[in-house]
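Residue-level structure breakdown
Spelled out from the first residue to the last, the chains are:
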Amino acid sequence: MAAIENTSLNLSEFGLSNETSSPKQCLVGMSKVSIAVYVFTILASLIANSLLISLCVRKKETWLLYVINMAVSDLLVAIFLLPRFIVNEIARSNDFLVHGPGGTFLCKMCSFLSDISLSVSTLTLVMIAVERFVAVVHPLLHIRISNSRKRRRLLIALTWLLAAGFHLPYFYTFKLVRVAVGKGDYIQVCYSTWEPAFDDNTGHVHYSIFLFTAVLILPLLVISVLYIAVALRIYINSMRKFRLGRVSRKRQESAQNLLWMAVATVAAFLICWTMYIIIAFINLFSPSVMLTCNKSYMIASYIANLLASCYCAVNPWLCFIFIPGFSRVLRAMIQNRKFIVSDARSGNRSSSQGSNKSNVTMLPLESSMKQEVRERSEP
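Residues numbered from 1 in each chain as written. Predicted model: local features only at pLDDT ≥ 70, side-chain atom pairs only at ≥ 80, totals over all residues. Heavy atoms only, no water.

Across its full length, the chain holds 14 helices and 5 strands. Burial analysis of the chain (379 residues in total) assigns 50% to the buried set. Contacts in the chain between residues at least 24 apart in sequence constitute 76% of all its contacts with a sequence separation of at least 6. Summed over all atoms, the accessible surface of the chain reaches about 18700 Å², with 65% contributed by carbon and sulfur. (Helix = DSSP H or I, 4+ residues; strand = E, 2+ residues; numbered from the N terminus. Buried < 20%, exposed > 50% of the residue type's maximum accessible area, 1.4 Å probe, protein only. Contact = heavy atoms within 4.5 Å. Areas by Shrake-Rupley, 256 points an atom, 1.4 Å probe, with all protein chains shown as cover.)

If you want it as structure tokens, here you go:
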């Protein structure tokens, strides 16, 4: 996000020239709103993603490794990117507070770590979509491959390697640039520039188009196609007679629940990023629009940046709502009560005292699929 945002900026945005207006000058009085949104997003992301990781580790379902991976990637934005936005809003300046070699290192690393988060998150969503597709369309194949924790760990490592590869140019492009803000006054900003090795404008445009395509557009298309196929298969399966069995109904309900989670995830992705993508492409190919102080455009750009920044706090709450058992376990943790937790994979149970006891079965889709296959294979 940092590289994409810097694509449309020139140094006049940071105060090099007084002949043009910057977006911040056009939207006076919005700093308090921005700070409030960023602080709320950081708290929501830290709390929700930490709880999500804790619940997934406690459950020990192998496919929840994908959810943990996504939660860890979302935490990087809350830790490395949003605090910088808050400091800039409070100081009313883009001055990078740490100077010298240490500041250059932090400039590169903070931008790199915060931006690979989005790549890891979208690649993980693609892997989850592929797994849901295989589980619904080819359940027998999914049963054979779903028990491999090692395979899933390798796929998770692959998401980080790909994300790091996408953003390796950051270690060259991001630099501390000295910018004049008045007569004799200078600040240092963390700025992405492809000079002197490449032409700056050409490098920014080509690289930003690559990032948009690889990180946002292609993953969204793949996820949408896969979940449309899953929805059609679920609808067809619901019409078949053998789906009337108890285990089959349970599997059907689990698949539908996860499908609704997928729809909500794609919808949240679109809400948070569509406007940002449109604004960024306008900035790429018509950068002069930013300098006209068009209020409607500036407000749209401001909202787009806030929505994109909030994305790191959205996914965990969707998991709490749609993944079976998460909301109940979460309520139990908040109320400091102990429940009987049924492990669908091992069948182990941990008992606790209390007048009201309930069994919490998390993610029953895989276990119900296995039981159904066993029942259908029996003579």
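From this point, the narrative continues.
Right, let's talk about the pattern of salt bridges for a bit. Overall, the coordinates contain 2 salt bridges when judged by the stated rule. The closest approach of N and O atoms between Arg132 and Glu131, which form a salt bridge, is 3.9 Å. Of the two residues, Arg132 and Glu131, neither departs from the other in class, the shared state being buried. For Glu131, the salt bridge goes to Arg152, with nearest N and O atoms at 2.0 Å. Placement of Glu131 in helix H5 (residues 100–137) and of Arg152 in helix H7 (residues 149–166) is noted, with a sequence separation of 21 residues between them. Overall, the relative accessible area of 10% leaves Glu131 in the buried class. We classify Arg152 as buried; its relative accessible area is 3%. Salt bridges linked by common partners bring Glu131, Arg132 and Arg152 together as one network. (Salt bridge = Lys/Arg side-chain N within 4 Å of Asp/Glu carboxyl O.)

At a minimum axis separation of 10 Å, helix H3 (residues 31–59) and helix H11 (residues 295–310) run at an interaxial angle of 15 degrees. As judged from the angle between their axes, H3 and H11 are roughly parallel. Considering only the axes of H3 and H11, their crossing is right-handed. Residue-level contacts link Val33, Ser34, Val37, Tyr38 and Thr41 of H3 to Tyr302, Leu306, Ser309 and Cys310 of H11. Along the lines of polarity and charge, the residues of the contact of H3 with H11 split into 6 nonpolar, 3 polar and no charged. (Axes fitted to C-alpha atoms, helices over the stretch in contact; angles between N-to-C directions. Parallel < 35°, antiparallel > 145°, perpendicular 65-115°, else oblique. Left-handed = near helix turned anticlockwise from the far one by under 90°. Nonpolar A, V, L, I, M, F, W, Y, C, P; charged D, E, K, R; others polar.)

It is worth spelling out helix H12 (residues 315–322) at this point. Within H12, 6 of the 8 residues are buried, which leaves the element mostly enclosed by the surrounding structure. Among the residues of H12, those classed as buried are Asn315, Pro316, Leu318, Cys319, Phe320 and Phe322.

Looking now at the nonpolar core. Formed by 75 residues in total, the largest nonpolar core has its most connected members in Leu52, Val67, Leu216, Tyr227, Trp273 and Phe326. Ranked by residues supplied to this core, first place goes to helix H10 (residues 246–285) with 14 residues. Tyr38, Leu81, Leu306 and Cys312 belong to the second-largest nonpolar core, a separate cluster that totals 10 residues. (Core = buried A, V, L, I, M, F, W, Y, C linked by side-chain atoms within 4.5 Å.)

Here the focus is unusual backbone geometry. The omega torsion of the bond from Glu195 to Pro196 falls at 5 degrees, within 30 degrees of zero and hence cis. If you trace the backbone, Pro196 turns up in the loop between strand S2 (185–192) and helix H9 (200–238).

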